[in-house]
Amino acid sequence: MNRGRFITIEGIEGTGKSTNVEFLKSLVKEHEVEVITTREPGGTPLAEQIRELLLVHREENLPPLTELLLFFASRSVMLKNLVIPALERGDWVICDRFTDATRAYQGAGRGLDISVIEQLADWVHGGLQPDLTVLLDAPAELGISRVKSRGQGDRMDSQELIFYEKVRTAYLNLAKENSERFVVVDATESLVDVQNSIREAVVPLFAL
Ligand code: TMP
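Residues numbered from 1 in each chain as written. Predicted model: local features only at pLDDT ≥ 70, side-chain atom pairs only at ≥ 80, totals over all residues. Heavy atoms only, no water.

1. Some details on the packing of aromatic side chains
Point 1. One pass over the structure, following the stated rule, counts five aromatic pairs.
Point 2. On the basis of an interplanar angle of 85° and a centroid distance of 5.0 Å, the ring pair of F6 and F98 is categorised as edge-to-face. Of the two residues, F6 sits in strand β1 (residues 6-10) while F98 sits in the loop between β3 (92-96) and α4 (99-109), which places them 92 residues apart along the sequence. Across this residue pair, the class does not change: F6 and F98 are buried.
Point 3. Taking the centre distance of 5.4 Å and the plane angle of 85° together, the rings of F163 and Y164 count as edge-to-face.
Point 4. Taking relative accessible area as the criterion, F163 reaches 7% and is therefore assigned buried.
Point 5. With relative accessibility at 0%, the residue Y164 sits in the buried group.
Point 6. What links up through ring pairs into an aromatic cluster is the set Y105, F163, Y164 and Y171.
Point 7. A cation sits over an aromatic face here: R75 above F72, 4.8 Å from the ring centre.
Point 8. Taking NZ or CZ as reference, R75 lies 5.4 Å from the ring centre of F98, over its face. (Phe/Tyr/Trp six-rings, centres within 6.5 Å; stacked < 30°, edge-to-face > 60°. Helix = DSSP H or I, 4+ residues; strand = E, 2+ residues; numbered from the N terminus. Buried < 20%, exposed > 50% of the residue type's maximum accessible area, 1.4 Å probe, protein only. Lys NZ or Arg CZ within 6 Å of the ring centre and 35° of its normal.)

This is the structure:
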């Protein structure tokens, strides 16, 4: 049996990832393919507990290196217990964020050594890369104002604007460097236009 396709969706806060994860799922289902959706950090009960550790506001500082290791801890359990078995069954997996988020947030945002991130990525999922990564791109100010309008944010939603500007630039650079798997979609366009662009990007995966 063919391995299923692995699609990731990325972008700074407030770019409409959750809505478009659901849209992607409905697109894949139109082709009568089994599909699961998941998210990072999280996706399994244990990984959701790690998510809680990462996102809750607390008094004690969470050092950037610990943050990095927790993101990879969540990823490794989610891959082992959910994603890899699904792909091996031939199901498609749509994941709300993956290692590109670590490159952008912990690499560019926190300033951690990218070679350490790549070593961890290699160790945790060397043999697995996304078949397609949809980057929903919008200016940091717009994303942040959308998040603020939803109420008090979590620990990762509460960084300075400059942090999200660095993250956005890093995502755009990753898209340029990995153009074979990335598609950049302008998230400031209407939802119909955004979803048309996503549809166009997904179609070739059915032919593989
Ligand atoms: P979410 O709220 O979009 O689900 O994402 C949780 C937060 O975690 C979001 O601010 C992005 C951040 N994050 C990282 O900093 N590094 C990572 O590797 C991942 C997956 C998410």
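After that view of the structure, there is still more to cover.
2. Section: the packing of helix α1 (residues 17-30) against helix α8 (residues 191-207)
Point 1. As a packed pair, α1 and α8 sit with axes 10 Å apart at the nearest point and diverge in direction by 45°. Judged on the interaxial angle alone, α8 and α1 are oblique. In the crossing of α1 with α8, the sense of the turn from one axis to the other is right-handed. Between α1 and α8, the residues in contact are T19, N20, F23, L24, L27, V28 and E30 and L191, V194, Q195, I198, R199, V202 and F206, respectively.
Point 2. In the contact of α1 with α8, the residues fall into nine nonpolar, three polar and two charged. (Axes fitted to C-alpha atoms, helices over the stretch in contact; angles between N-to-C directions. Parallel < 35°, antiparallel > 145°, perpendicular 65-115°, else oblique. Left-handed = near helix turned anticlockwise from the far one by under 90°. Contact = heavy atoms within 4.5 Å. Nonpolar A, V, L, I, M, F, W, Y, C, P; charged D, E, K, R; others polar.)

3. A closer look at the site of the ligand
Point 1. The full set close to the ligand counts 14 residues, and E13, K17, R97, T102 and Q106 are the nearest of them.
Point 2. At 3.0 Å, a side-chain N or O of K17 approaches an oxygen atom of the ligand.
Point 3. Within the side chain of T102, one N or O atom sits 2.6 Å away from an oxygen atom of the ligand.
Point 4. Contact with the protein chains hides 93% of the accessible area of the ligand, taken as 470 Å² for the molecule alone.
Point 5. Put simply, the parts of the chain that give the shell around the ligand at least two residues each are α2 (45-55), α3 (64-89) and α4.
Point 6. The residue makeup of the shell around the ligand, split by class, is six nonpolar, two polar and six charged. (Near = heavy atom within 4 Å. Polar contact = N/O pair within 3.5 Å; in protein donor to acceptor, adjacent residues only side chain to side chain. Areas by Shrake-Rupley, 256 points an atom, 1.4 Å probe, with all protein chains shown as cover.)

4. Structural notes on unusual backbone geometry
For residues besides glycine, phi is generally negative; the peptide bonds are generally trans as well.
Point 1. A cis geometry characterises the amide bond from E40 onward to P41, with omega recorded as -10°.
Point 2. Along the chain, P41 falls in the loop between β2 (35-39) and α2.
Point 3. In this model, E32 sits at a positive phi of 55°, which is unusual for a non-glycine residue.
Point 4. Tracing the backbone through its elements, the reader meets E32 in the loop between α1 and β2.
Point 5. You can call E32 exposed: its relative accessible area is 77%.
Point 6. Not every positive phi belongs to a glycine, and R97 is a case in point at roughly 80°.
Point 7. Mapped onto the elements of the fold, R97 is located in the loop between β3 and α4.
Point 8. Owing to a relative accessible area of 12%, R97 belongs among the buried residues under this scheme.

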